[in-house]
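Below, each chain spelled out in residue letters.
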Protein chains: 2
Amino acid sequence: MRERRHIDPSDVDLPTLMTAFTDPLRLRIIGILDRNGETPCAAIYHEIGISKSGASHHFRVLRETGVLLSRMSGRDHYACLRREELEKAYPGILDAVLGELRRQASIERERDSPVAK
Amino acid sequence: MRERRHIDPSDVDLPTLMTAFTDPLRLRIIGILDRNGETPCAAIYHEIGISKSGASHHFRVLRETGVLLSRMSGRDHYACLRREELEKAYPGILDAVLGELRRQASIERERDSPVAK
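Note that the structure is a prediction, hence the values are computed from the model and not measured.

Help me get a handle on the relation of the copies chain B and chain A, residues and values and all.
Rotating chain B by 180 degrees and translating it 0.0 Å along the rotation axis places it on chain A, where the RMSD comes to 0.0 Å. What the superposition gives is, in effect, a two-fold axis relating one chain to the other. The share of interface residues of chain B whose copies in chain A are also at the interface is 100%, consistent with both copies meeting through the same surface.

This is how it looks when you write it as structure tokens:
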């Protein structure tokens, strides 16, 4: 299986990095990785409800903007966020995005909880 | 003169907001407004070295992502960042971007200073 192309966060310019965050589906992938740490890609497709081929463009954008690292283990692909490298190259950017995603997730949980209904 | 369309930051979703930051020219406009506060649009075109028509698409994106407010005063347009409204709608996002733009500007000043040469 061929190795997938990654770009190091320090080689990505700011406008390119920001394209990682311009798609709702990519933000959902980032939110899952934030919550779970390293996650099998298949589990991400399943949670979001998209096919592997539907997700592949978004995973590529996330790898090529330095946001995501993917690796093979056995026959499965795993993905994780490149938190420390991103924080070093672009202090505060990923944290601000993750903070907003957590805030939105918390509002959704609140809204969907039986007590709130 | 017709009023230009603005969108309130609280009506902009996160992926849309992030498109404000995916273009080098828009980031330059944001950097100028961060440094100068409210600025005549003509002065921004001059500093960046683009025509009014070349800049208009970028100003529209910045207005419609809730990042920039423009107003007429006399015969001139002025623009400013919507810092407080953005901070309220998306805490930390604009600050993280501005922090990075200031860091890059500081590196450029350092590089271009006579002492460093």
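Mind laying out the interface of chain B and chain A, listing which residues take part and the relevant values?
Opposite the 20 residues of chain B that make contact, chain A presents 20 residues. On the chain B side of the contact with chain A, B:Leu14, B:Pro15 and B:Met18 bury the most area, a combined 31% of that side's loss. The interface formed by chain B and chain A holds zero salt bridges in total. Applying the counting criterion to the chain B and chain A interface returns two residue pairs in polar contact (both at pLDDT 80 or more). Counting residues per element, the side of chain B that touches chain A draws most heavily on helix 6 (residues 93-112) of chain B, which supplies seven residues. For the side of chain B that touches chain A, a count of residues per class yields 13 nonpolar, four polar and three charged.

Any chance you could break down the side chain of A:Thr65 for me, citing the residues and the numbers?
Residue and element names in this part refer to chain A. Relative to the helices and strands, Thr65 resides in the loop between helix 4 (52-64) and strand 2 (68-73). The exposure class assigned to Thr65 is buried, which follows from its relative accessible area of 3%. Among the polar contacts listed, one links the side chain of Thr65 to the backbone oxygen of Val61, at a separation of 2.7 Å. A distance of 3.3 Å separates the side chain of Thr65 from the backbone oxygen of Leu62, its partner in a polar contact. When neighbours within four sequence positions are excluded, Thr65 is seen to be in contact with Val12, Thr16, Leu17, Thr19 and Ala20.

An account of the UniProt feature "domain: HTH arsR-type" (unreviewed entry) in chain A is requested, with residue identities and associated values reported.
The feature "domain: HTH arsR-type" (unreviewed entry), as given by UniProt, occupies residues 7-101 of chain A in the numbering adopted here. Secondary structure content for residues 7-101 of chain A is 59% helix and 15% strand, and the end C-alpha separation is 24 Å.

An account of the packing of helix 2 (residues 24-36) of chain A against helix 3 (residues 41-48) of chain A is needed here, citing residue identities and associated values.
What describes two packed helices is the angle between their axes and the distance between those same axes. All names here are of chain A. Two elements in contact, helix 2 and helix 3, have axes separated by 11 Å at closest approach and are oriented at 125 degrees. Relative to helix 3, the element helix 2 lies oblique. Helix-helix and strand crossings are classified by hand; for helix 2 and helix 3 the assignment is right-handed. Contacts between helix 2 and helix 3 pair Leu25, Arg28, Ile29, Ile32, Leu33 and Arg35 from the former with Ile44, Glu47 and Ile48 from the latter. Within the contact of helix 2 with helix 3, the residues separate by chemical class into six nonpolar, no polar and three charged.

Can you lay out the nonpolar core for me, pointing to particular residues and giving the numbers?
Membership of the largest hydrophobic core comes to 64 residues, with the highest contact counts inside it found for A:Phe21 and B:Phe21. Residue contacts for A:Phe21: discarding those within four places in its chain leaves A:Leu27, A:Ile30, A:Val67, A:Ile93, A:Leu94, A:Val97, B:Leu14, B:Pro15 and B:Met18.

Could you give me a rundown of the pattern of salt bridges, with the residues and numbers involved?
Close approach of charged atoms allows side chains of opposite charge to pair. Per the counting criterion, the structure on display carries 20 salt bridges over all chains. Of the charged contacts, one joins B:Arg5 and B:Glu64 as a salt bridge, the two residues approaching to 2.9 Å between their closest N and O atoms. Here B:Arg5 is found in the segment before helix 1 (14-19), whereas its partner B:Glu64 is found in helix 4 (residues 52-64), with 59 residues between them in sequence. Given a relative accessible area of 19%, B:Glu64 falls into the buried group. Each of A:Arg5, A:Arg60 and A:Glu64 takes part in salt bridges that share partners, so that together they form one network.

Give a detailed account of the packing of aromatic side chains, specifying residues and quantitative values.
Residue and element names in this part refer to chain A. Enumeration according to the criterion identifies two aromatic pairs over all chains in this entry. Considering the side-chain rings of Tyr45 and Phe59, the 5.7 Å spacing of their centres and the 85 degrees angle between planes classify their relative orientation as edge-to-face. One end of the pair, Tyr45, is in helix 3; the other, Phe59, is in helix 4, with 14 residues separating them in the sequence. For the residue pair Tyr45 and Phe59, the accessibility class agrees, reading buried in each case. The ring of Tyr78 has Arg71 lying over it, and the distance from NZ or CZ to the ring centre is 5.3 Å.

Conventions used here
Residues numbered from 1 in each chain as written. Chains lettered and ligands numbered in written order. Predicted model: local features only at pLDDT ≥ 70, side-chain atom pairs only at ≥ 80, totals over all residues. Heavy atoms only, no water. Least-squares fit on C-alpha atoms with pLDDT ≥ 70 in both. Contact = heavy atoms within 4.5 Å. Buried area = accessible area lost by both parts, 1.4 Å probe. Salt bridge = Lys/Arg side-chain N within 4 Å of Asp/Glu carboxyl O. Polar contact = N/O pair within 3.5 Å; in protein donor to acceptor, adjacent residues only side chain to side chain. Helix = DSSP H or I, 4+ residues; strand = E, 2+ residues; numbered from the N terminus. Nonpolar A, V, L, I, M, F, W, Y, C, P; charged D, E, K, R; others polar. Buried < 20%, exposed > 50% of the residue type's maximum accessible area, 1.4 Å probe, protein only. UniProt positions renumbered as here; feature names shortened; annotations may be inferred. Axes fitted to C-alpha atoms, helices over the stretch in contact; angles between N-to-C directions. Parallel < 35°, antiparallel > 145°, perpendicular 65-115°, else oblique. Left-handed = near helix turned anticlockwise from the far one by under 90°. Core = buried A, V, L, I, M, F, W, Y, C linked by side-chain atoms within 4.5 Å. Phe/Tyr/Trp six-rings, centres within 6.5 Å; stacked < 30°, edge-to-face > 60°. Lys NZ or Arg CZ within 6 Å of the ring centre and 35° of its normal.

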